[in-house]
Structure formats: C-alpha cells, structure tokens
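# Geometric and topological summary
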Amino acid sequence: MSALFPALLDPPNRVALRFGAAELTYAQLAGAAGALAAQLRGRTRVAVYATPSIHTALAVTSALVAGVPAVPLNPKLGERELGHVLADAAPELVLAAPGVELPGPLAALPRIDVDLAATGALPTDEPPLTAPALVVYTSGTTGPPKGAVLSRRAVAANLDGLAEAWEWTADDLLAHGLPLFHVHGLVLGVLGPLRRGGTLHHIGALDATTLAASGATLVFGVPTQYHRLAAQLEADAAAAAAVGRARLLVSGSAALTAVDHARIRATTGLAVRERYGLTETLILTAATAAEEPEPGTVGRPVTGTEVRLTPLPGDDSEGLGAVEVRGPSVFDGYLNRPEATAAAFTADGWFATGDIGRWTASGTLALVGRSATDLIKSGGYKIGAGEIENALLEHDGVAEVAVIGAPDDDLGERIVAFVVPAGEPPQERELIDHVAALLAPHKRPREVRFTESLPRNDMGKVQKAKLPR
Ligand code: MLC
Ligand code: AMP
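Numbering of residues starts from 1 in every chain and runs along the sequence as written. Whichever chain is written first is A, and whichever ligand is written first is 1; the rest continue in order. Reporting of local features is limited, given that this is a predicted model, to residues whose pLDDT is at least 70; pairs of side-chain atoms are given and counted only at 80 or more, and all residues count toward the totals for whole chains, interfaces and linings. Hydrogens and water are ignored here; the side-chain numbers use all heavy atoms of the structure.

## Here we look at the domain arrangement of the protein
Short version of the rule: All domain edges in this entry derive from an automatic or database-based domain assignment. The contact criterion used throughout is that any non-hydrogen atoms of two residues lie within 4.5 Å. The term buried area means the drop in 1.4 Å probe accessible area that two parts suffer when joined, counted for both and summed. Between Lys or Arg on one side and Asp or Glu on the other, a salt bridge is scored when a side-chain nitrogen of the former is within 4 Å of a carboxyl oxygen of the latter.
Looking at the protein, the domain boundaries give domain 1 (6-196) and domain 2 (375-466). Contact residues are listed per partner, giving 17 residues for domain 1 and 16 residues for domain 2. The junction of domain 1 with domain 2 conceals about 1,200 Å² of combined surface from both sides, 49% of it contributed by carbon and sulfur atoms. If you sort the residues of domain 1 by the area they bury against domain 2, Arg80, Glu81 and Ser139 come out on top, with a joint share of 40%. The interface formed by domain 1 and domain 2 includes two salt bridges.

Listed below in structure tokens is the structure:
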C-alpha cells in the first residue's frame, strides 16, 4: 500500500494541524479523517468550501484518505464563477465547517459538516497512485477557470522532491497564511507537512508578530506577503530576530523582487528561497536549503522533474526559451476539456508553461517573462484579462474595455481596466464592485481609467502594449 500520509497510519505524538486555537494531533487527525472518510467512500468527487480553517485541512485530508477527489472552492468566488465550477466539476456533496453559511448554489448540494472530534478507523486500502487526488481551478487567458486534475502520484512525487530540496522533515514546523484553495497553500502548505509527519501552523496572514510567536522553522508565502512582512520587520527588531530563528523562508507563486529579498535578509539574516510552479505541474524548480540562493532565480529542477527551454520562434536572444516540463507531478489534464488539455502540451508531450526563462551559469533557472500578456499575476493569484473584460462588458456603462496588469510594488501586478464608457461614465467604484460581485474579489480592477478609444491594429484587435502602464 502506498499511503499518501504514512504518519496517519502510525501517528507520532505531535500536533499535525494548528489554526489559531484549534489543533489536531496526528492521532486525533487520523481518527477524524477515518470517520469522515467512511462517509465519503465511493463518491465520485466532493467539493470543499475552503475557508482558511482546520476544517478545510481535515476535509481535504479525509477525501484523500477515502480516495475521493476533492475540489477546493474559494469561499469568495463570485456567483458567475461558482455556477461555472459547480456545473463543471459536478461534486456529489460539499464539505464545510459546522455553522458556516454556504452561498445559494452550494447550499443546494448535500452537505456534510466536518467534525473535528469524530473518531473512526482509517480505510485499509487506498486507490492507486494514478487515481485523481484534487481538481484545482485556475484561470486561463480567456474564458472561465479550468479544473486541473492532479493525481495522487503528482502530489506525492512533488512533495518528496521538495522535501529533498529543503531538507524538510517531521521536525519542521511550517507557518503560513495562504489561502487553501490553490496548490501553494493546500498542496505545499497542508499536504506537505502532513506527508512529512510534521506540523502546520496556519497563522491567517503573514503578520510579523504572529509569525514571530509561531516558532516556525519553515515559512511559505507569496511575494506580496513578504513585501508587507518586510515593512513590519523593519519596524520590529524583536520580531525580526524571532523570525530569523527559522531554518528556511520560501517564496513562490510570483517573482520576489531583489529589493524585498534584501530587506528580508537585512532584518532576519535569512536569504529567501524562491521556488517556481504552476497549478498544472506543481513545483518545477526550487532553490535548495544547501545552497546560497541567487536573488532573481528560482532554483533547480525538483528531483523527478525535467525542465527544458525551447528556443522562441523568431527570437535570436542568447539562451532565452519557453519553459517546458515533464515528470510525475504534471497534471492529468483539464476536467472536461480534452482540447484545452491537448493544447497545453507540445507535440512530444512536454507541458508548455507559458513562461520564458534562461539558465544561469550555475545551472539555476531565471524567469524573464510570460508569453501571454493576457495573464496577470496579482498578489500571487493568476487572473485572465479576458474574464474581467467580459464581466465589465456586462455593465451598461461600458462600451469597450481592455484589462492589463500594471507594475505594482505590493501586488507585483495591479489590475487596471481601460474603459470606453457608453454615454455618461459610471463611477469607478461601481465598476469595481460589479466585477467583485461576479468574480472573486481578487479579480476586481484596482483602478479604472476612462478613455475615448482603445488603440487598435488594422484588424481591429486591441493593442494592449500601447496602453500606458
Ligand atoms: C476589497 N475587498 C472586496 C472589495 N474590495 N470584496 C468585495 N468587493 C470589493 N469591491 C476585500 C478583498 O477580497 C480582501 O478580502 C480584503 O477586501 C482586503 O483586500 P486587500 O488588503 O487588498 O487584500 P489583497 O491585497 O487582495 O490580498 C493580498 C494577499 C492575497 C497577498 C493576502 O493576494 C493572497 O492571499 N494571495 C495568495 C494567492 C495564492 O495563494 N496564490 C497561489 C496560486 S498557486 P480578504 O478577506 O481576502 O482579505 C501558484 C502555483 C505556485 O501560483 O507556484 O504556487
Ligand atoms: P498559477 O496558474 O496560479 O499556478 O500560476 C502559475 C504561474 O505563476 C507560473 O506560470 C509563473 O508565471 C508564476 N510563478 C510561480 N512561481 C513563480 C516564481 N517563483 N517567480 C516568478 N513567477 C512565478
């Protein structure tokens, strides 16, 4: 048997999960997961209302133990996205924390409240490693989000590769404040410590005081969180010293600036390790614990993963290439989307990330850009410009629109909407709230600029590169 979580079979005397005052030891987690798994066995797919809570961590663990694919849902999904995801994933039921009110379409599904105190035996068998573990929704350039199907093998192989890179063991106490509906917070941040038999302390936000008090040996965050943390640590030397007692700080999901890298190093004495991944492939490369990281690089391929750079057509710049990956952690495909799945791979079977990179002299990967200008990374969230444009076009006051990511010190990129109004321009706030109601609030424009016309080419296509950033 190939247990995803060996520590559940032989529980160490240790806290597995801590979220604020709520905690579960490994023995308690094994009992509660066993009880919930017994209710889930045989289902095709279950949704998890993924609030940043211990209930979410228990729900996903139980589904995996039961061998039932889990679909983590951002609790802030707008009504448009929620309707789409539920129709696409067709979960049989939803798992949620007791007392939490679910939005309309989710409330219509059968519901199981996640019980932290339940006890039951773990199932004695597990599905094969090739079976699906998770369906994680992620944005493309246009259209609604697609569900990436990740196998149990993908999760296990990637977490073991990262354990090797970061010398991650059962003795590590991981702290983070990431959302639990994306691979960063969920796969690395929850399943990671559980696979090692170590401890997760979810601290809600990457706040200096809470982090300093957590006793973390390992910290995960997106660059926006490290940017905000750096400012707090500069004002709080005691917190900086406490955070500096960690073994490793790791940043990912977007690029950490050299400035923030230096600020964290100056305050804590620690050099942040960057790692690079995608929902569809999990983590491709990571700066290792053993090596001094080079700011601006994202490390070496994780064990088991092959990364190659394919020269860009018509580009003769030295060494730049499209980043392509193959290996056990690459996803099985997009749910219900064979054509999109086929389009995501090269003819010889490598997944095309859409990122552009180059190898450094020391063999680490440096990312230099993305091939699609219509993909925005804001706060570590991937956001498709087309989805926001479609939402804005549904507003009566909008005649034409173009959405871009403008550089932003805090968010990396900030969503800016250029709007040609239909008649009298609407209030900026009204348009922002309109998007935040249809889509998750992180997809809302942070800024709306009204303009008389959009730059277009002879074919009538908007030339986004000509819009002022
Ligand atoms: C504001 N809010 C609104 C609103 N305006 N809600 C409704 N309508 C409006 N008009 C809400 C926001 O939702 C937010 O809620 C709150 O107000 C505060 O906003 P904020 O302070 O601006 O927060 P924000 O800057 O949006 O958050 C920054 C952040 C967040 C870093 C915390 O972006 C974040 O959690 N990022 C992590 C993304 C992530 O995990 N990516 C991994 C993808 S996997 P609230 O309650 O949310 O604060 C991947 C692969 C890999 O990339 O390599 O890892
Ligand atoms: P997502 O679809 O949300 O999983 O986002 C994946 C994308 O995030 C990748 O294609 C990269 O563009 C970006 N990304 C992830 N990690 C890093 C990193 N360390 N540095 C720069 N970009 C990153």
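## Re the packing of aromatic side chains
Our working rule: The rule is short: rings of Phe, Tyr and Trp, with Trp giving its six-membered ring, pair when the centres are within 6.5 Å, and they are stacked under 30 degrees, edge-to-face over 60, tilted in between. The rule is simple: take the accessible area with a 1.4 Å probe, protein chains only, and divide by the maximum for that residue type; under 20% is buried, over 50% is exposed, in between is partly exposed. By the criteria applied, helices consist of DSSP H or I runs no shorter than four residues and strands consist of E runs no shorter than two, each listed in order from the N terminus.
Tallied over the full model, the rule gives eight aromatic pairs. Geometrically, the ring pair formed by Trp166 and Trp168 is tilted, given 6.2 Å between the ring centres and 40° between the ring planes. Each of the two residues, Trp166 as well as Trp168, counts as buried. Ring geometry for Phe181 versus Tyr381: centroids 6.3 Å apart, planes at 5°, classification stacked. Placement of the pair is Phe181 in the loop between strand E9 (173-176) and helix H7 (183-196) and Tyr381 in strand E22 (residues 381-384), with a sequence separation of 200 residues. As far as the burial class goes, Phe181 and Tyr381 line up, both buried.

## Some words on the pairing of strand E14 (residues 282-286)
The side chains of a regular strand alternate between the sheet's two faces. To keep things clear, this is the line we draw: The pairing criterion is simple: DSSP has to find at least two bridges between the two strands.
Among the five residues in E14, five count as buried, and that is most of the element. Inspection of the sheet shows strand E13 (residues 273-278) paired to E14 by four bridges, in the antiparallel sense. Its bridge partner lying in E14, Gly277 is registered against Ile283. Counting the residues in the hairpin turn of E13 and E14 gives three residues. With two bridges connecting them, E14 and strand E15 (residues 300-301) associate as antiparallel partners. Note that in E15 the partner of Ala286 across the bridge is Arg300.

## A short note on the site of ligand 2
Heads up, the condition is: When we say a residue is near a molecule or strand, we mean one of its heavy atoms is within 4 Å of it. Pairs of N or O atoms within 3.5 Å make up the polar contacts considered here, provided that, within protein, one atom can donate a hydrogen while the other can accept it, and that residues adjacent in sequence are counted only when both atoms are side-chain atoms.
Within the structure, ligand 2 sits among 16 residues, and Arg275, Thr279, Asp355, Lys377 and Lys382 are positioned closest to it. Within the backbone of Ala254, an N or O atom sits 3.4 Å from a nitrogen atom of ligand 2. A distance of 2.8 Å separates a nitrogen atom of ligand 2 from a polar backbone atom of Arg275. Mapped by element, the contributors of at least two residues to the shell around ligand 2 are E13 and strand E20 (365-370). Among the elements that take part in the shell around ligand 2, E13 stands out by supplying five residues, more than any other.

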